[in-house]
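Listed below, chain by chain, are the residues.
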Amino acid sequence: MFVKKAAVVGGGTMGGEIAQAIAAADIPVVVKDIDQKFVDAALGKARAVTQGQLGGQVKKERITQEQADARLAEVMGNITGTTSYAEFSDVDFVIEAVPEKMEIKQAVFREIDAATPGHAILSSNTSSLSITEMGEATLRADKVCGFHFFYPASIMPLVEVIVGEDTSQETATAAYNFAQAIKKQPIVCGEVPGFVVNRILMATMGEIWRAQEENGLSLKAIDAAMAEAKVAPMGPFFLTDLLGLDTVFHVAEHLNRSYGDSFYVHAGLRGLVGEGKLGMKSGGEGFFKDGEQTIPGDAEPDAQELIDMFTSRALIEACLLVEEGVSSVRDIDVGMMTGAGLDPRKGLLPPFWKADVEGLGQMLEKMERLEEKYGDRFAPPVTLKRLVAQGRLGIATGQGFYAYPQPDEGEQAEKVLLETRGDVAIAWLANAPMNAVHPQVIKDLKTVWEKVKADEGVHAMVIASTVPIVFSAGADIKAFTQMNPETEGRELLDSAHALFREFETEDVATIAAVNAIAFGGGCEMAMACDFRIAGEAAVFGQPEIKLGIIPGFGGTQRLPRLVGENKALEMNLVGDAILSEEALEIGLVNRVVPDHELFEAALMWAEKLADQAPIALGQVKQVSHKGEIDAGIEAEKGGFVAAFSSEDAKEGIGAFLGKRTPKWSGK
């Protein structure tokens, strides 16, 4: 399902910001509300956001004021404001953003169900309400999903794609790709109160709220301690003022009703909301006014105790989300990074990554102490206890919730590290942050491969990522643009293809452990391996067509052999991503396992294959699906060079690097 036109139902600030994000991606969007003043407010917000973004580029001298004015006109020209459904007859994707009351949302869903084409996806920007119940108000429950932005939508990159009981896989995938199309970072999760980010945030903030009220603690001191410890980008009370006390209170009460007293609601928060003191959105008065706190409390907090409570509850709720099948380890961490501001570049780590750094044994001990002191809400989750029992204690042991390299002693390549465990080798991709397939990566992977082949004791190799949240995002486009496609580019293609063919023909079994994004060259690298084991959060795609080029590392040849000609043609010509569940269904991957079990599963496969007779293994690999792949690869090389040399490729790559929409000329 493709989105050529979208709609937002519900104007005002949030509706305007959502519409702006869509329009800025050059997708026409309709904003509808029952009152023209709300429509006008949405249009005004979209204009203000766009002006601010373009003004920043002018200030940095990336564009001129004239270019900014022209772009502003383009973006605003993509937005249509209305008070009727007349513009909805050709809409492909609707985002409902009306008040958080189920009866209102169901009424809106009945209306948009009648006003839109049967193929259109109907989504809700709800922060906590049931997607399934909304879908029941329509005749297309399979095409209803959550599409939850975070405030402010113009800045926050996260979109939670929420799957209800009736939501189809096709709908979830289409929503995921639409989020990417509007330059947002999607994660996929199931339907529970609070979904992923709000559930974890409310669990952690509730502990701080409870401690503050029970002990009369200073709000300013708490915020300072939490910010200094880098467990959050800012203190919980200042954050509440920033987000809006009414918004936070609504979510907190909903989770308290859903989960009980383990989700605490601050009495002072309830009082401030009742008085209309909502923080930044009501003139600045909330928990603070003019820098001073507005509710009682002056005692100094035990900073370490609060930090232990905060980080423990974050990890507990994150583990429970995994154990309940709501989301995956990687998606939860990405959600907290992009929706809660936990930026590793600033020393702020999401729950699972942070636990691996601190040590899972220490986290378990901390929880056991807190459980004894405060009760069941700090009971250690099964997943954590299981990993500790296995000796998977985090970075120090090479494996916790994620896997980490423990390279062999001696000289190592720069972008790919070699680790040997008995008769299994691990080639660790180490080109942070996105493991782009740079020419040096190919060179270093070849160096590692030659060592593996030369080691008579090694019979299997796993390709894994040192970056917990990405396998490989594809080719390094900037590096490719600096090459002469006829000479250096051709040499790189020849080298990469020769290496990847050896993965398929030599008597060393190869397994790709795909933990997350595997796009373009990353997907092609994985396809060249004998087997692909994917984590639940793995995402695959061949997006080269969107840059005006074609796959260059075997995507036109190996993909049809794995998934069939029709599906391969679709993936290569459309360029959209597919999620792990579909990748398994079509045969692109051999197994899908929980994220935190991926590396262990890949090692088990490698150990099994390493035990097989080497000569027989090599012969099976060489004769299996014997055909014209080498001739096909030669044809692909020629096609890649031709496409890469075109004006369209220059435009597509320039648009990608310049973060704009390409304009094709067919030359």
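For the structure itself, consult the block above.
My aim in this report is to walk through the structure given alongside it, one point at a time. (Residues numbered from 1 in each chain as written. Predicted model: local features only at pLDDT ≥ 70, side-chain atom pairs only at ≥ 80, totals over all residues. Heavy atoms only, no water.)

### Details of the packing of helix α7 (residues 197-215) against helix α9 (residues 236-243)
Item 1. At a closest axis distance of 10 Å, the pairing of α7 and α9 adopts a crossing angle of 115°. With respect to α9, the element α7 is oriented roughly perpendicular. Considering the relative orientation of α7 and α9, their crossing is left-handed. Contact residues: Met205, Ile208, Trp209 and Gln212 in α7; Pro236, Phe237, Leu239 and Thr240 in α9. (Axes fitted to C-alpha atoms, helices over the stretch in contact; angles between N-to-C directions. Helix = DSSP H or I, 4+ residues; strand = E, 2+ residues; numbered from the N terminus. Parallel < 35°, antiparallel > 145°, perpendicular 65-115°, else oblique. Left-handed = near helix turned anticlockwise from the far one by under 90°. Contact = heavy atoms within 4.5 Å.)

### Overview of the nonpolar core
Item 1. Judged by nonpolar contacts, the single largest core of 105 residues is most densely connected at Phe88, Ile112, Met202, Trp209, Leu315, Phe352 and Phe401.
Item 2. For this core, the element with the highest residue contribution is helix α12 (residues 303-323), accounting for eleven residues.
Item 3. If we ignore the near neighbours within four places in the chain, the residues touching leucine 315 are Pro351, Phe352, Ala355, Met363, Met367, Leu384 and Phe401.
Item 4. In terms of nonpolar packing, the next biggest core, distinct from the first, is built from 55 residues, Phe480, Ala496, Phe503 and Ile653 among them. (Core = buried A, V, L, I, M, F, W, Y, C linked by side-chain atoms within 4.5 Å. Buried < 20%, exposed > 50% of the residue type's maximum accessible area, 1.4 Å probe, protein only.)

### Topic: helix α26 (residues 629-644)
Think of an α-helix as 3.6 residues a turn; residues three or four steps apart then line up on the same face.
Item 1. Taking 1.5 Å per residue, 16 residues should reach 22 Å; α26 reaches 22 Å between its end C-alpha atoms and fits that length.
Item 2. Residues of α26 that are buried include every one of Ile629, Gly632, Ile633, Glu636, Lys637, Phe640, Val641, Ala643 and Phe644, and no others. (Expected span 1.5 Å × (residues − 1).)

### Some words on the environment of threonine 466
Item 1. Checked against the element boundaries, threonine 466 lands in the loop between β13 (460-465) and β14 (470-472).
Item 2. Along the chain, threonine 466 and alanine 427 lie 39 residues apart, while their C-alpha atoms are 9.7 Å from each other.
Item 3. Discounting residues that sit within four places of it in the chain, threonine 466 has contacts with Pro405, Trp428, Leu429, Ala430 and Asn435.
Item 4. A polar contact of 2.8 Å, which involves the side chain of threonine 466, links it to the backbone oxygen of leucine 429. (Polar contact = N/O pair within 3.5 Å; in protein donor to acceptor, adjacent residues only side chain to side chain.)

### Description of the packing of helix α14 (residues 351-358) against helix α15 (residues 360-374)
Item 1. Taken N-terminus to C-terminus, the directions of α14 and α15 make an angle of 105°; their axes are 6 Å apart at the nearest point. Considered as vectors, α14 and α15 are oriented roughly perpendicular to each other. Residues Ala355, Asp356 and Glu358 of α14 form the contact with α15, whose own contacting residues are Leu360, Gln362, Met363 and Lys366.
Item 2. Split by residue class, the contact of α14 with α15 holds three nonpolar, one polar and three charged. (Nonpolar A, V, L, I, M, F, W, Y, C, P; charged D, E, K, R; others polar.)

### Brief notes about the pattern of salt bridges
Item 1. Within this structure, the stated rule accounts for 46 salt bridges.
Item 2. The partner of glutamate 96 in a salt bridge is lysine 105, with the nearest N and O atoms 2.4 Å apart. The residues glutamate 96 and lysine 105 share a single accessibility class, namely buried.
Item 3. Here the salt bridges share partners, and the residues they tie into one network are Arg199, Glu207, Arg210, Asp261, Arg313, Glu317, Glu324 and Arg377. (Salt bridge = Lys/Arg side-chain N within 4 Å of Asp/Glu carboxyl O.)

### Quick look at helix α1 (residues 12-24)
Item 1. The end-to-end C-alpha distance of α1, which contains 13 residues, comes to 18 Å, matching closely the 18 Å that a straight helix rising 1.5 Å per residue would cover.
Item 2. Along α1, ten of the 13 residues are buried, which leaves the element largely enclosed by surrounding structure.
Item 3. Listing the buried residues of α1 in full gives Gly12, Gly15, Gly16, Glu17, Ile18, Ala19, Gln20, Ala21, Ile22 and Ala23.
Item 4. Just downstream of α1 lies aspartate 26, where phi reads positive at about 65°.

### Focus on a positive patch on the surface
Item 1. A cluster of basic side chains, namely Lys60, Arg62, Lys478 and Lys659, defines a positive patch on the protein surface.
Item 2. Here lysine 60 lies in the loop between α2 (36-59) and α3 (65-77). (Patch = residues over 30% accessible without salt bridge, like charges linked within 9 Å, V, L, I, M, F, W, Y side chains within 5 Å. Areas by Shrake-Rupley, 256 points an atom, 1.4 Å probe, with all protein chains shown as cover. Lys, Arg positive; Asp, Glu negative; His and termini not counted. Charge placed at Lys NZ, Arg CZ, Asp CG, Glu CD.)

### Structural notes on the environment of isoleucine 586
Item 1. For isoleucine 586, the position within the fold is in helix α23 (residues 580-586).
Item 2. Taking the C-alpha atoms as reference points, isoleucine 586 and aspartate 69, separated by 517 residues in sequence, lie 47 Å from one another.
Item 3. Sequence-distant contacts of isoleucine 586, that is, excluding residues within four places in its chain, are made with Leu562, Val563, Lys567, Met571 and Ile578.

### Concerning the sheet that holds strand β2 (residues 29-32)
Strand-to-strand pairing in sheets goes through backbone hydrogen bonds, with the strands running parallel or antiparallel.
Item 1. The strand order across the open sheet formed by eight strands is β3-β2-β1-β4-β5-β6-β7-β8, and the pairing between neighbours is mixed. Whereas interior strands pair on both sides, the edge strands pair on one side only; in this sheet they are β3 (79-82) and β8 (185-190). On average, adjacent strands in this sheet sit at an angle of 25° to one another, irrespective of strand direction.
Item 2. Where α1 meets the sheet, it contacts β1 (6-9), β2, β3, β4 (93-96) and β6 (144-149), and its direction lies at approximately 170° from that of β1.
Item 3. Along the sheet, helix α4 (residues 102-115) contacts β1, β4, β5 (121-124) and β6; its crossing angle with β5, the most-contacted strand, is approximately 160°. (Pairing = 2+ DSSP bridges.)

### With respect to the sheet that holds strand β15 (residues 509-514)
Item 1. A sheet is described by the order of its strands in space; here six strands give the open sequence β11-β12-β13-β15-β17-β20, paired in mixed fashion. The two strands at the open ends of the sheet, each matched to only one other strand, are β11 (416-421) and β20 (591-593). When strand polarity is set aside, the average angle formed by the axes of neighbouring strands in this sheet is 20°.
Item 2. Note that β13 and β15 share four bridges and pair parallel.

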